[in-house]
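So the chains spell out like this:
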Amino acid sequence: MACVKADGYGHGMLNVAQALTTSVDGFAVACLDEAVELRDAGVKNTILLLEGAHHLNEVAMAAEYRLTLNACSLEQLAWLGDTKAKDRPSCWLKIDTGMHRLGIAPAQAPVAYETLLGLLPPGSKPVVSTHFASADSEDPEATLNQLNVFDAAIASLGPVPQSCANSAGVMRYPQSHRSWVRPGYMLYGGSPFSTADAAQFSLKPTMCFESQVIALRDVPSGEAVGYGGRWRATRNSRIATLAAGYGDGYPRLASDGTPVQLGQTMCPLVGRVSMDMLTIDVTEHPNVNIGDRATLWGEEPHVDAVAAAAGTIGYELLAGMPRRVPRVLAD
Ligand SMILES: *Cc1c(COP(=O)(O)O)cnc(C)c1O
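Notes on the structure follow. (Residues numbered from 1 in each chain as written. Predicted model: local features only at pLDDT ≥ 70, side-chain atom pairs only at ≥ 80, totals over all residues. Heavy atoms only, no water.)

1. Side note on helix α3 (residues 32–40)
Helical periodicity: at 3.6 residues per turn, an α-helix aligns residues three or four positions apart in one direction. Put simply, the rule is: Classification of residues uses two cut-offs on accessible area relative to the type maximum, computed with a 1.4 Å probe and protein chains only: under 20% is buried, over 50% is exposed, and between them is partly exposed. Per the convention used, a helix needs a DSSP run of H or I reaching at least four residues, while a strand needs a run of E reaching at least two, with both numbered from the N terminus. Any two residues whose heavy atoms approach within 4.5 Å are treated as being in contact.
Restricting attention to buried positions, one finds in α3 the residues Leu32, Glu34, Ala35, Val36, Leu38 and Arg39. Those residues of α3 that are buried are in contact with α1 (5–9), α2 (13–20), β2 (26–29), β3 (46–49) and α4 (57–64). Residue Gly42 follows α3 closely and has a positive phi angle near 95 degrees.

Put into structure tokens, the structure is as follows:
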């Protein structure tokens, strides 16, 4: 099940759905609007609402669009019961094994599962799911503990379909794969681990974020560049201005030195990122011209590296990619 929430991790949800529709059994999204957008675009795969219904009236809507809900609380389970049987969609059950964000308490899982079975058509085999809080950590203890809690909670149910693994679970915990895996970030070529880069897993980035040089100038030693004068030239410098800023999804908190690729060379970001522009030091590359294309992230630099230089994770940069940036599909 491919996670395509947050506009397909910024790639354009329908672009991703189209590319993966024959390779995956289902798509996972965060909310009803995302799911309806997929259905309206003609997506036929299973579509899971990871958080389940946000309101009673979403239950019947989910059925109308043939979506799969997730009962993550006793309240959501009650909404299913409050909806006419003919208007009930299929539904998973989510158990809180330690993330403490969503899910039914492990002790209540058997009763909740029986309740769910009673609400669904005879023969339904709802999937029991959970979510890992720390599968990206170097220390496996928390994840192994969550798996133990999960297995204990469902032990009395007999064989039921299960789903636990996010990207980090897929990559590091084969014993968590069960019936459905739910990878997100790895599908887009990112590494969920701060300690291991995507190349180590042969993951290739699916997004190449490009801009171009729109201005060039010589800045004498001692002059400052950009808002607040954060960066000051310590030699006579040549500065290129690119037409991308935080309004285009490039992180404002990127530090001086964050790599930007220009042609075959890597140039350091210098000065604060503005809303629509950023500046890089091209002193060592005299052949740079206005109109030259720059890669802000892609194969090089990797979005995880840019994120690290901005004190965040690649997930946030992808998910924050705004509409203003046109998505162009490569072959
Ligand atoms: C987003 C999400 C995933 C995917 O996580 P990645 O780290 O991107 O693989 C899986 N399961 C749930 C419940 C999620 O919210």
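2. With respect to the environment of Asn287
Considering the arrangement of structural elements, one finds Asn287 in the loop between β14 (278–281) and β15 (293–297). In sequence terms Asn287 and Gln200 are 87 residues apart; their C-alpha atoms lie 34 Å from each other.

3. Structural notes on helix α6 (residues 109–119)
We count it as follows: Arc definition: it is the arc formed by the directions from the helix axis to the C-beta atoms.
Residues Ala109, Ala112, Tyr113, Leu116 and Leu119 constitute the buried set of α6. Down the axis of α6, the buried set is contained in an arc of 120 degrees. They therefore lie on one face. Turned more than 90 degrees off the buried face of α6, the exposed positions are Val111 and Gly118.

4. Quick word on unusual backbone geometry
The omega torsion of the bond from Glu300 to Pro301 falls at -10 degrees, within 30 degrees of zero and hence cis. Backbone geometry at Arg178 places phi at a positive 50 degrees, although glycine is not the residue there. Look at Arg178 and you get partly exposed, because its relative accessible area is 31%.

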